[in-house]
Amino acid sequence: MVDSSEISEDESMYRKIASLHLLPAVEPIRAASPAAGDPVATANGASQSDPTEARLDQALVNRRRDSKALGDYFVGNLSVKEEELVKTVGATPWRSKVWQESVIGELAQRFEEAGVIGSERIVHSGGSQKPIQTEDDRTEKDDKAPDLVVLTKPAASPDLDYKKIWSTPPTGEDRRSWEQVAVVGEFKQASSTSASKQGKKARAQMDRRLYRLWVTPIRLYVFGFTVVDEELIVYLRTHSALYNSPPIPCSHNTLCILLHRLLDLSDTQLGIFATQIVPPIETTSPLQLYGPSLDGLKPIPLSAKNPRRTSRKSNSGITSIRITKVFARRFQPSGRATSTFRADVSYATEGGHDGRAVSFTFAEEDRHCDHDLIRTSIANAPLEEREGLSRTVGLFRGSFSLGAPSFLAEAMEKEEKARKAKVKKAQQRRKQKDGAGENKVAETENAEVAKAEETKAARERSPNLLRRALEVTIYEEPFSSIYTVASAKQLVEVMIGAVTGHMNLYKLGFLQADPSDTNIMVDSSGGGRLTDYNLAIPCLRDYTIHTERSGTFPFLARAALDPDYEEKFKHGIWHDIESFVYVGFAVGFRKSPTSAPKGTMSKKARDIWIAWDSSNTSFAFKTTLKNDGGIEKAVDGCQKGWEEAMPKLVDILRSFCGLRPDLAGVNLDKEEKAMRQMWAEPEGVYVKMIKELTALSEKL
């Protein structure tokens, strides 16, 4: 086990709270012995009616990893101090079984009596069956509170009452938020006949809980654990993988050590880089906000003339970023998350700039060169050639890794290296057998052995994990969410700006490949800007030949959703234009065309949105938009006031993509052929579309 009293360079970047206050210093951890693109499939047997669980299953296929190091770190090799703690806490017989939820309160009380620092952070929260509301419109009945939560240190402040809020069923306004939680735990009892079923249920619940923690801004990684009967599994979710320890025999002593070591970690060591206690962020009170620091992040050059220098002298001297408001959050079960904020940026040489837009994401190692080229091209393009695009004035990136915390990184890297070697050896062995003309499974082997061999072979074929790096992008000006549009006319103008940006990005040689409600923003003049180029792909001048689907699921074009068309799919401009249609409806579903704030969806809108957001129904429901009846039904789900403008806006956009009415009843092969013909000369088509949108804006 690594002694974290020696803070690594990577971890140093999480320690400060910018101009607000410092996070508590990272406490030393006891010394102990050293620890030894989204495939489509389901692992947990997710319910067809549970899109979040199904999406998590798909995203985590081939990204699950067994890690002995994880278990060793949290429950292995007790120190003398911990042995004394176990004796003290377990001095009297336990009233609760280790798998009972009642053990949570009992353990917290015994910790408090033993003087364990942080005992007040342990909360039995499973009493409430009411779902915890989320901001991604995907709150479902299974989003109820975990059995156990470990609150963040600020949330457990005696000046606040979050322990009471989490331990009692909510009445009136629900003030619970995943931002207040540092660690989650689930407890299950299982008979001998249902142990496997309960284990799968516990894992499915843990997947969901870790996902909810992961998408709160900004977590570098998250921890959780399950206790099923007397068996413990510890989980770690990073941007690259979901790690789990092997099943560990669990006694009360084991549970005590686990929770004591979790409490012994600082919030930064638990992966909390920046977050809020009470959303939305409207104040700079230290109790309500962690702010990130740029320590340890390297500036990326943005100057085309001199690649050794950044585009502005001050970029290499940014000292702090103070987050003041959330603009947008992007959620992806696969591990990549983006959050965009309004923030005040301070420079070492020339003071500060208030109100910048700042985004935090996890960039993929094999794609960052293209992304840097995009941002450099935009930063150095003349004003008219970057209209509708967001100009980057500062770009900072950490080191590429699997995302494990510094105190586990070395051990987990060794495990991944050993796994790769084992896979390579097995593949060579299988290749030799095939070359010799031998069957993969001998004739004498029975069916069970054959099945086991095939399972093993599938596991050996699992791809290498993607390495990512924390990336901080500072934009030239602040933005506002698309949900701040104050009229139908402004929504059309925002669309004009975003389509113009899409065209200009194409002229630079890239397809944005991910229009959604979180990366079409409103600039300071009220126009539209296209942001977030992390999924952008190089393109040819006729059409894109990228064959992997990319984008945010509810906004994906239909051609990217049909599994029968997967091998033929080639991402084109028209697929992005189709995504603009769904962005328009997303705004209409949630907000009236007035200055009123973003609201909640009606039942009609939510039913449509859930259908668009499910892999089982999305293609069919989106296809109805080729017909006027489908448009009318979707408009009927919009907030009051969109009856006139929304059909006209959608009618223009769909006439330039596969939702074109004359393609109703046409199969995808013919539809895609028609689109390739239509977009054979893209710049002329862009101009025509912008002209029609401008004419609509002038009439509104």
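**Some points on the side chain of N534**
Relative to the helices and strands, N534 resides in the loop between β17 (528–530) and β18 (537–538). Judged by relative accessible area, which is 8%, N534 ranks as buried.

**Section: the environment of R391**
Checked against the element boundaries, R391 lands in the loop between α9 (368–380) and β13 (392–397). Exposure remark for R391: the relative accessible area of 16% places this residue in the buried category. Sequence-wise, R391 and T473 are 82 residues apart; in three dimensions their C-alpha atoms are separated by 9.9 Å.

**Notes on the side chain of K622**
Tracing the backbone through its elements, the reader meets K622 in helix α15 (residues 618–623). In terms of polar contacts, K622 uses its side chain to reach the backbone carbonyl oxygen of P554, at 3.0 Å. Setting aside residues no more than four positions away along its own chain, K622 makes contact with F553, P554, F555, L556, R558, L561, Y582, W612 and L659.

**Some thoughts on the pairing of strand β5 (residues 221–228)**
Across the eight residues that make up β5, a large majority, eight, are buried. What you see with β5 is no split at all: Y221, F223, F225 and V227 on one side and V222, G224, T226 and V228 on the other are buried throughout. Two elements, strand β4 (residues 181–188) and β5, share six bridges in a ladder whose sense is parallel. Looking at the pairing, E186 lines up with T226 of β5.

**Quick look at the confidence of the model for the protein**
Looking at the protein, the pLDDT average stands at 78 and 74% of residues meet or exceed 70. Every residue in residues 305–316 is under pLDDT 50, and counting partners more than four places away or in other chains gives 27 contacts. Contacts of residues 455–461 to residues separated by more than four positions or lying in other chains number seven contacts, the stretch itself having pLDDT below 50.

**A word on unusual backbone geometry**
With a phi angle near 45°, N77 is a residue other than glycine that sits in the positive phi range. Structurally, N77 is set in the loop between α3 (68–75) and α4 (80–89). By relative accessible area, N77 is classed as partly exposed at 44%. Its identity is not glycine, yet A513 carries a phi of approximately 65°, on the positive side. Owing to a relative accessible area of 1%, A513 belongs among the buried residues under this scheme.

**Some words on the packing of α3 against helix α8 (residues 252–263)**
Interaxial distance between α3 and α8 falls to 8 Å at its minimum, and their mutual angle equals 90°. As the angle between them shows, α3 and α8 are arranged roughly perpendicular. The segment α3 lies against α8, with D72, Y73, F74 and V75 engaging T254, I257, L258, R261 and L262.

**A few points about the pairing of strand β3 (residues 148–151)**
Side chains L148 and V150 of β3 all project onto a buried face; the interleaved residues V149 and L151 project onto the opposite face, where all are buried too. Relative to β3, strand β2 (residues 122–124) is paired through three bridges, and the arrangement is antiparallel. Across the sheet, the residue bridging to I122 is V150, located in β3. The pairing of β3 with β4 spans four bridges and is classified as antiparallel.

**Quick look at the packing of aromatic side chains**
Evaluation of the coordinates by the stated rule reveals 17 aromatic pairs. An aromatic cluster of at least three residues, connected via ring pairs, comprises F555, Y582, F585, F589, W609 and W612. One Lys or Arg, R110, reaches over the ring of W94 and ends 4.1 Å from the middle of that ring. The side chain of R176 reaches across the aromatic face of W166, ending 5.9 Å from its centre.

**Description of the pattern of salt bridges**
Here the structure, examined in full by the defined rule, presents 35 salt bridges. In this structure, the salt-bridge partner of D161 is R175, at a minimum N-O distance of 3.5 Å. Taken together, the positions of D161 in the loop between β3 and α6 (162–167) and R175 in the loop between α6 and β4 put the pair 14 residues apart, joining distant regions of the chain. For D161, a relative accessible area of 35% corresponds to the partly exposed category. A salt bridge links D174 to R176; the shortest N-O distance between them is 2.8 Å.

**Observations concerning the environment of I378**
Of note, I378 is situated in helix α9. Residue I378 is classed as buried on the basis of its relative accessible area, which comes to 1%. For the pair I378 and N504, spaced 126 residues apart in sequence, the C-alpha to C-alpha distance is 9.3 Å.

Rules of the game
Residues numbered from 1 in each chain as written. Predicted model: local features only at pLDDT ≥ 70, side-chain atom pairs only at ≥ 80, totals over all residues. Heavy atoms only, no water. Helix = DSSP H or I, 4+ residues; strand = E, 2+ residues; numbered from the N terminus. Buried < 20%, exposed > 50% of the residue type's maximum accessible area, 1.4 Å probe, protein only. Polar contact = N/O pair within 3.5 Å; in protein donor to acceptor, adjacent residues only side chain to side chain. Contact = heavy atoms within 4.5 Å. Pairing = 2+ DSSP bridges. pLDDT = per-residue confidence, 0-100. Axes fitted to C-alpha atoms, helices over the stretch in contact; angles between N-to-C directions. Parallel < 35°, antiparallel > 145°, perpendicular 65-115°, else oblique. Phe/Tyr/Trp six-rings, centres within 6.5 Å; stacked < 30°, edge-to-face > 60°. Lys NZ or Arg CZ within 6 Å of the ring centre and 35° of its normal. Salt bridge = Lys/Arg side-chain N within 4 Å of Asp/Glu carboxyl O.

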